[in-house]
Amino acid sequence: MTEDKAMSEGGRRALYLRPWHAFVYDGHEYVLNTGRLLTRRVRPGFIATLERLAADPLAPRTDDDELELFQLELASAEPVPVGMDEAPPPRTPPPITSINLMVAQRCNLRCIYCYGGGGEYGDAGMMSEATARRTVDWLIGQAGERTRLSISFFGGEPLLALPLVKSTVVYAREAAAAAGKSFGFAVCTNAMLLDDATIAYLKDNDIRALVGFDGPPEIHDRNRPRADGGPSSPVFLEHARRLTEEMPDAANFRATIWRSEDLPAVVDYLGRFCGGSYQTAFAAACLHDGEPGQGEGLPSPADGIGFARESIAAFVDAVRRGDEAEVSRYARWLDFGAALALLGPQRPQRAHCGVGSSMAGVGADGTLYACHRFVGSPEHVIGDVFAGTGDRDRFVNKPTFRTEPCASCWARPYCVGGCLHYNLGATGDMFTPSDDWCRLVKAWIEGGIHLDHELTEGDKELLYEHKLVARRPCPYDL
Ligand code: SF4
Ligand code: SF4
């Protein structure tokens, strides 16, 4: 562009805007530079200026407006192509470093939302010792220079196969030591078999516990009945209490929300029961008992937006009062603590999680799936532990950057298309999110940006120090 063309008759220079998103939260105006992930709480009226400039690069603006534009790195002297940045260059699949090992595709509970269809994933079975050992050998063999590997024992209920868990831990430690690598272990359990001896075993062997816990007993029993139909909470609560006493730093709880209206009661109960070490997630469709895209009847994630806003206000208030118990209570729900972490110095995210890329689910027969939730789904097989991995390109180089609605979405640098399993259940396509999901994610990011500006740097340091804020894309993506 020539100098002449860039200037108006009044001598104003044309200013073109880089991709941006603006919103109002609690009466404050915020602007986000979506390419550079810069956010600012801006002067009242600045959003109107942006809208005028978007329509006319020569629109009037003040010196303060120009300063704001400069600080947000939004102004360009040249027209900016509509749309988001280019997709990152394709990459070759990395080694898999984290697996969920289905030692038991059967379960002693019948959770009403189980995405594994009663924990069986369409084909009930128990893993053999030979397959577990082969899995360890394969994992180490393909890991290249990666030295830290992880195994999460999964199911179904993995403690139904406790002897196999124990022998696999011993085998993996020995094999890793011989190869100059090391393993981290976790067990994802419903806690029904988590007696004192098993807790002692987990503690002695440095194995983290990820435990399904749906909050108040009446909700937990409705959602997570025993296989014989009886209530699970009497045994569960006893075991969960012992676990938090014995392994306070190595036990994490996760509530699945089956009815949106349960959310406040679940957050309240879990916050009081286990402080900050819990997460919530909305129930996802099961791919084993219907067609993908049959998410009707499931809770709408968008129903959580109102409660998220209330929680953010309560969280900020608790931080300012120094009420650590209250801070813990709210910090984890919907992981908006993670939103805060995402807003620190950073670059755009390339993937929502390690699905099919750095992580895999391993079925009881040794088949490799893109993640634990896809076990039993032939379309999501990525190889097996005997022959190794096959084509993983659609997971490693997802089309999220090139296909709508994600390609031009302002939230994409943070969200990167969401959980592929959830998308498939909700819309029938892994790479097509549901509108409700997007509404929740966008509200969550806006809430995180507001939170970022409400808290002082000292507040944030304390949150990091107390491990109340951490980025955890998926609790099973170890
Ligand atoms: S899943 Fe929705 S919110 Fe996330 S990047 Fe895609 S369109 Fe945006
Ligand atoms: S976020 Fe979804 S796709 Fe990613 S690992 Fe978790 S369940 Fe699988």
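Residues numbered from 1 in each chain as written. Chains lettered and ligands numbered in written order. Predicted model: local features only at pLDDT ≥ 70, side-chain atom pairs only at ≥ 80, totals over all residues.

Engineer: Can you walk me through the site of ligand 1 in this structure?
Structural biologist: In the vicinity of ligand 1, the contacting residues are P405, C406, C409, A411, R412, C415, G417, G418, P433, C438, V441 and K442. For the shell around ligand 1, the secondary structure elements donating two or more residues are α14 (412-415) and α16 (435-454). In terms of residue count, the dominant contributor to the shell around ligand 1 is α16 (3 residues). The residue inventory of the shell around ligand 1, partitioned by class, reads 8 nonpolar, 2 polar and 2 charged. (Near = placed C-beta within 6 Å. Helix = DSSP H or I, 4+ residues; strand = E, 2+ residues; numbered from the N terminus. Nonpolar A, V, L, I, M, F, W, Y, C, P; charged D, E, K, R; others polar.)

Engineer: Got a minute to help me understand the confidence of the model for the chain in this structure?
Structural biologist: Regions with low pLDDT should not have their predicted coordinates read in detail. Overall, the prediction assigns the chain a mean pLDDT of 87, with 88% of residues at 70 or greater. A low-confidence stretch, residues 1-6 stays under pLDDT 50, and its non-local contacts, those more than four residues away or across chains, total 5 contacts. Under a pLDDT of 50 for its full length, residues 471-478 has, in the predicted model, 25 contacts with residues more than four places off or in other chains. (pLDDT = per-residue confidence, 0-100. Contact = placed C-beta atoms within 7 Å.)

Engineer: What is the right way to look at the environment of C406 in this model?
Structural biologist: Here C406 is to be found in the loop between α13 (393-396) and α14. Judged by the 22 C-beta atoms lying within 10 Å of it, C406 is buried. Each residue touching C406, except ones within four places of it in the same chain, is listed here: T400, R412 and G417. (Buried ≥ 20, exposed ≤ 12 C-beta atoms within 10 Å, placed from the backbone.)

Engineer: What's the story with the pairing of strand β2 (residues 20-25) in this structure? I'm lost.
Structural biologist: Along any regular strand, the residues point their side chains to alternate faces of the sheet. In terms of strand pairing, β2 meets strand β3 (residues 28-33) through 6 bridges, oriented antiparallel. Its bridge partner lying in β3, V24 is registered against E29. In textbook terms, the turn of a hairpin is the stretch between consecutive antiparallel strands, and for β2 and β3 this stretch comprises 2 residues, one of which, D26, has a positive phi near 50°. (Pairing = 2+ DSSP bridges.)

Engineer: Help me out: how do you make sense of the packing of helix α6 (residues 196-204) against helix α8 (residues 233-246) in this one?
Structural biologist: Two elements in contact, α6 and α8, have axes separated by 10 Å at closest approach and are oriented at 30°. Comparing the axis directions of α6 and α8 gives the class roughly parallel. Taken as a pair, α6 and α8 cross one another with a handedness that is right-handed. In this structure, α6 uses D196, I199 and K203 to contact α8, whose residues at the interface are R242, L243 and E246. In terms of residue class, the contact of α6 with α8 is made up of 2 nonpolar, no polar and 4 charged. (Axes fitted to C-alpha atoms, helices over the stretch in contact; angles between N-to-C directions. Parallel < 35°, antiparallel > 145°, perpendicular 65-115°, else oblique. Left-handed = near helix turned anticlockwise from the far one by under 90°.)

Engineer: What exactly am I supposed to notice about helix α3 (residues 63-71) here?
Structural biologist: In an α-helix, one turn spans 3.6 residues; hence positions three or four apart end up facing the same way. Among the residues making up α3, those that are buried are D65, E68 and L69. The arc that holds every buried residue of α3, seen down its axis, measures 100°, which confines them to one face. Away from the buried face of α3 by more than 90 degrees, exposed residues D63, L67 and F70 are located. Those residues of α3 that are buried are in contact with β4 (38-42), α2 (46-55) and β5 (75-76). Positive phi appears at E73, one or two residues downstream of α3, with a value of about 55°. (Arc of directions from axis to C-beta.)

Engineer: Would you explain the packing of helix α10 (residues 305-321) against helix α11 (residues 324-331) in this entry?
Structural biologist: Helix packing for two helices is described by the angle between their axes and how far apart those axes are. Two numbers describe how α10 lies on α11: the axes approach to 8 Å, and their chain directions differ by 150°. Regarding the angle of α10 to α11, the classification is roughly antiparallel. Of the two possible hands of crossing, α10 and α11 adopt the one that is left-handed. Only E326, V327, Y330 and A331 of α11 make contact with α10, whose side of the interface consists of S311, A314, F315, A318 and V319.

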